[in-house]
Amino acid sequence: PSCSNPQEMLQVKRNSCQFGNDFQDPFPPVVLKVTKEEDKVSGRRELKEPFPAPPPVILFSGSGRNSSKGLRRQKRDWVIPPINVAENSRGPFPQMLVSIRSDQDQDISIRYSITGVGADQPPNEVFNIDPVLGKMFVTKPLDREHRSSYHLRAHAVDMNGNQVENPIDLYIFVIDMNDNRPEFKNQVYNGSVDEGSKPGTYVMHVSAFDADDNTTANGMVRYRILSQMPHSPIPNMFTINSETGDIVTVAPGLDREKVSQYTIIVQATDMEGNLNFGLSNTATAIITVTDINDNPPMLTSRTFSGEVPENKVDIVVANLTVIDADQPHSPNWNAIYRIISGDPSGHFTIRTDPVSNDGMVTVVKPVDYEMNRAFMLTVVVSNQAHLASGIQSSLQSTAGVTISVQDVNEAPYFPTNPKHIRFEEGIPAGTTLTTFSASDPDRLQMQQTIRYSKLNDPADWLSINRTNGQIITTAILDRESVYVKNNIYEATFLATDNGSPVASGTGTLQIYLIDINDNSPALIPKESQICERMSKNVNGVNITAADDDTDPNAGPFVFELPKIPASIRRNWTISRISGDYARLGLRYQVYLEPGVYEVPVIVLDSGNPPLSNRSIIKVKVCPCDEHGDCTTLGAVAAAGLGTGAIISILICIIILLSMVLLFVVWIKRREKERQTKQLLIDPEDDVRDNILKYDEEGGGEEDQDYDLSQLQQPDSLEHIISKPPGVRRVDERPIIPESQYPIRPVVPHPGDIGDFIHEGLRAADNDPTAPPYDSLLVFDYEGSGSTAGSVSSLNSSSTGDQDYDYLNDWGPRFKKLADMYGGGVED
């Protein structure tokens, strides 16, 4: 049998089309009637399948063939229905899905192929097609969670590869199966709820994800609570929304002080929560019951007591204990203490211990036993946070505190401290100034005795009576003293009682010294200069005065010139500028020789009576230029030297320079003569290389036993040369060829000694083997032996045949020797 009329209707029945013996039909027998109908939802044409059918045969919608009547019928485009494939199919594979046919396969040979993802694109070979029969297969199980749909295109070509049909689209959808359990995002969820919360209070949210299709029951998750620990106060304190996963309270009675934390096991099940068919998973929800201030603090006692020494501060005198069931170290637990009565002066405060929450009653203002022997305080305690709504304060939050004051020996004190008094300066020694007495605050005890002493008296002007505190001067009080600051002299005194232990207090006495006119004014400045010729009212010296006194005993000052000697007023004049300044100048048309003049000036102050002082001002009179400034010559002349004296000094300077020049010329000439003079000794007796010392007085022959070998050059230097490289003492002579010093000529010539010395010095400076080096220094080594023998073996005799007459030929310098030895045997 074969299929006919595919253009009009495709009627599929079991065995109606022959597909071959290898075809295995996975579907029950169905008949697929292909009709064209517009889908009202998606707006596309699709094949409707009224009842199950075997794999359909899909025909290409080609152009068609001419009918026998010669008419050409235009084929309509078909909308191919999607192909549904169940995921995780067990096969066998390959599994046929659909058969593709072209209505031209009876005339020509057709080759079929498919393209798209899953065919010729990754993942490849999930689907394939029989190129001859057009049967399309799936080759392995599909996973919807990996890929839920495929879009392929089917092609039909002839044997030459020419397209005979337009490609058709094939949509393959993977049908979901319930193969995935719900998975919670976290295995442990943490939430919190205030204690005392009402039923229906939101607590937390849990959520699970199911990889299956959530549009089907396979992916629809539902939640429920499996267990709650602990069961207090009831086993079901919470409930969960089965669809959203929100956990809320369901019953009252949450109390953090009884149960601070709940552990809940939550189950998520797919298939809309069907426990028979759905898959499940669990997670843990930990709910912490947060604290509210529902427990007021309670003092452990209604009365507390303590004691405090008088005059002590910043000490704890009592400790208040409190209990609070709320969360420790939270605002609901932290205690705040207040004194509501019994301390009107504010002597005490209560500080909270941050660790124990106790109240520490602390003294912040000294207490006086003579004023208050005890304090009765009323204390109230509360929390840092306000009490929760509906919670009343407990009566145990109030208590009484009794503080006893301990009497101690208090130091005497000066009622007026510092004490101010006023006196004129200059009062004589032995004057009583005042009585500076102290009081003892211990009035309730036995009367104590107070003794006074001086603690600080910078100028040592005062003394104090030990018993009554009377202040007496021991010297004259001087306002101008360096110990007086701003007219005030300050001294400190000590008052000590005889209590146990001894206590003492200090007092300060300030004496304001009233100024009297006891200081004469002094002229300022002491020195000045002025031009020898002055124009009228021009170019004077401004003077003033200094007075250690103050107003009204200082300025304004009066300046006068003395009448004696008369030359003062004849040559000088003084005019008043202001109350404190005057101008001193030469009288008009008066000429004075340049020099220094001492001008006496009388200065009077404004005291009553006034004091005067005769002061001397040194005025330098000098010639001035057109600007009124002293010239350089004038400054010298003003120093006290006349013109004649200045000329004499200049002549002396010229003579002294001439003498120095002549002396230098003479020295040069002497040096030149000395260099040209011949040597006075014979060349054979040249002593330039000898050291002559005449002032040594040794011990004779017994003093000449020297070991001269220490001063000689060793015959061999092998002990030095054989040392390894780098091992050499710095006190050994370097082993390198010695420099050759210049050879002296036999006959000296003018300048021979100087040239020889300079050449030898230059050679020694360039000689690396020359001393100094830290060793025995060898001077002018002359071999290992001496042909002269011992010098001590030479004998001298007055009767010898030595002839000294040649000394007469040596000149006048050797005349004395010639007279002594050249006269024969005179003695």
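Keep in mind that what you see is a predicted model, and the values were worked out from it rather than measured.

**As for the overall build of the protein**
When you go through the protein residue by residue, the secondary structure sums to 6 helices and 41 strands. Looking at the 827 residues of the protein, the share that counts as buried comes to 31%. A total accessible area of about 51,800 Å² is found for the protein, and carbon and sulfur atoms account for 52% of it.

**Brief notes about the nonpolar core**
Ranked by size, the top nonpolar core spans 26 residues in total, and within it Ile114, Phe127, Met136, Leu170 and Ile172 carry the most contacts. At the level of secondary structure, the elements contributing two or more residues to this core comprise strand E2 (83-86), strand E3 (95-101), strand E4 (111-116), strand E5 (127-129), strand E6 (135-138), strand E7 (149-157) and strand E8 (168-175). Ignoring sequence-local partners within four residues, the contact set of isoleucine 114 consists of Ala119, Phe127, Asn128, Ile129, Met136, Leu152, Arg153, Ala154 and Leu170. Of all hydrophobic cores here, the second largest spans 24 residues; its members include Val193, Ala285, Ile287 and Val289.

**Remarks on the packing of aromatic side chains**
With the rule as written, the count across this model stands at 10 aromatic pairs. With a centroid separation of 5.0 Å and an interplanar angle of 75°, the aromatic rings of phenylalanine 127 and tyrosine 150 are classed as edge-to-face. Separated by 23 residues along the polypeptide, phenylalanine 127 in strand E5 and tyrosine 150 in strand E7 bring together distant segments of the chain. Of the residues examined, phenylalanine 127 reaches a relative accessible area of 2% and is grouped as buried. Ring geometry for phenylalanine 348 against phenylalanine 375: centres 5.1 Å apart, planes inclined by 75°, an arrangement best described as edge-to-face. Residue phenylalanine 348 is located in strand E23 (residues 348-352), and its partner phenylalanine 375 is located in strand E25 (residues 374-383); the two are separated by 27 residues in the primary sequence. The burial state of phenylalanine 348 is the same as that of phenylalanine 375; both residues are buried. Ring pairing ties together the aromatic residues Phe414, Phe436, Tyr452 and Phe493, which thus form one cluster.

**Thoughts on the pattern of salt bridges**
Scanning the model with the defined rule gives 11 salt bridges in all. For the salt bridge of aspartate 105 with arginine 101, the shortest nitrogen-to-oxygen distance reads 2.7 Å. For aspartate 105, a relative accessible area of 25% translates into the label partly exposed. Arginine 101 sits in the partly exposed class, given a relative accessible area of 24%. Of the charged contacts in the structure, one is a salt bridge between glutamate 480 and arginine 479, with a shortest N-O distance of 2.9 Å. Connected via shared salt-bridge partners are Arg144, Glu145 and Asp176.

**Looking at the environment of proline 167**
Mapped onto the secondary structure, proline 167 falls in the loop between E7 and E8. Since its relative accessible area comes to 27%, proline 167 is described here as partly exposed. Here proline 167 is in contact with Arg153, Ala154 and His155, once residues within four sequence places are set aside.

**Structural notes on a nonpolar patch on the surface**
Together, Leu656, Val660, Phe663, Val664, Trp666 and Ile667 line one region of the surface with nonpolar side chains, adding up to about 590 Å² of accessible area. Looking at where valine 660 falls in the secondary structure, it is placed in helix H3 (residues 643-676).

**Section: the side chain of asparagine 332**
Among the structural elements, asparagine 332 can be located in the loop between strand E21 (322-323) and strand E22 (335-341). Overall, asparagine 332 belongs to the buried group, its relative accessible area being 12%. Residues within four places of asparagine 332 in sequence aside, it is in contact with Asp291, Ile292, Asn293, Asp324, Asp326, Asn383 and Ala385.

**Focus: the pairing of strand E32 (residues 488-496)**
When strand E29 (residues 451-456) meets E32, the two strands line up antiparallel, connected through 5 bridges. If you follow tyrosine 452 over to E32, its bridge partner there is alanine 495. In this sheet, strand E33 (residues 504-514) lies alongside E32 in antiparallel orientation, the contact comprising 9 bridges. Directly across from leucine 494, in E33, lies its bridge partner threonine 506.

**Observations regarding the sheet that holds E8**
In a beta sheet, neighbouring strands pair by backbone hydrogen bonds and run either parallel or antiparallel. As summarised here, the arrangement of the 4 strands in space is E2-E8-E7-E4, forming an open sheet in which the pairing is mixed. A single partner strand is all that each edge strand has here, and the edge strands are E2 and E4. If you compare each strand with its neighbour and ignore which way they point, the axes differ by 30° on average. Where E7 meets E8, 6 bridges bridge the pair, whose relative direction is antiparallel. Of the residues in E8, the one forming a bridge with serine 149 is phenylalanine 173.

**Re the environment of threonine 263**
Take threonine 263: it is sitting in strand E16 (residues 261-269). Given the relative accessible area of 29%, threonine 263 is considered partly exposed. Those residues in contact with threonine 263 that sit more than four places away from it in its chain are Ser227, Gln228, Met229, Thr284 and Ala285.

**Focus on the side chain of threonine 362**
Take threonine 362: it is sitting in strand E24 (residues 359-363). Residue contacts for threonine 362: discarding those within four places in its chain leaves Asp314, Ile315, Val316, His347, Phe348, Thr349 and Arg351.

**What about the sheet that holds E23?**
With respect to topology, 3 strands assemble into an open sheet ordered E20-E24-E23, the strand pairing being antiparallel. Bordering the open sheet on either side are strand E20 (316-320) and E23, each of which pairs with just one other strand. Taken pair by pair, the neighbouring strands of this sheet meet at an average axis angle of 25°, ignoring direction. Where E20 meets E24, 4 bridges bridge the pair, whose relative direction is antiparallel.

**A few points about the pairing of strand E36 (residues 541-546)**
In this sheet, E36 lies alongside strand E34 (residues 522-524) in antiparallel orientation, the contact comprising 3 bridges. Bridge pairing in E36 links isoleucine 524 to threonine 544. Sheet topology note: the E36/strand E39 (residues 582-586) ladder contains 3 bridges and is antiparallel. The residue of E39 that forms the bridge with asparagine 542 is arginine 583.

**Some remarks on unusual backbone geometry**
Most of the time, phi is negative for any residue but glycine, and the peptide bond is trans. Here the bond from glycine 91 into proline 92 is cis, since omega is 5°, no more than 30 degrees from zero. When you line up the elements, proline 92 lands in the loop between E2 and E3. Note that the residue after methionine 229, namely proline 230, is joined by a cis bond; omega there is -5°. Checked against the element boundaries, proline 230 lands in the loop between strand E13 (222-229) and strand E14 (238-240). At asparagine 311, a position not held by glycine, the phi torsion is positive, near 70°. Note on placement: asparagine 311 falls in the loop between strand E19 (303-309) and E20. Judged by relative accessible area, asparagine 311 falls into the partly exposed class, the value being 37%.

Definitions and cut-offs
Residues numbered from 1 in each chain as written. Predicted model: local features only at pLDDT ≥ 70, side-chain atom pairs only at ≥ 80, totals over all residues. Heavy atoms only, no water. Helix = DSSP H or I, 4+ residues; strand = E, 2+ residues; numbered from the N terminus. Buried < 20%, exposed > 50% of the residue type's maximum accessible area, 1.4 Å probe, protein only. Areas by Shrake-Rupley, 256 points an atom, 1.4 Å probe, with all protein chains shown as cover. Core = buried A, V, L, I, M, F, W, Y, C linked by side-chain atoms within 4.5 Å. Contact = heavy atoms within 4.5 Å. Phe/Tyr/Trp six-rings, centres within 6.5 Å; stacked < 30°, edge-to-face > 60°. Salt bridge = Lys/Arg side-chain N within 4 Å of Asp/Glu carboxyl O. Patch = residues over 30% accessible without salt bridge, like charges linked within 9 Å, V, L, I, M, F, W, Y side chains within 5 Å. Pairing = 2+ DSSP bridges. Axes fitted to C-alpha atoms, helices over the stretch in contact; angles between N-to-C directions.

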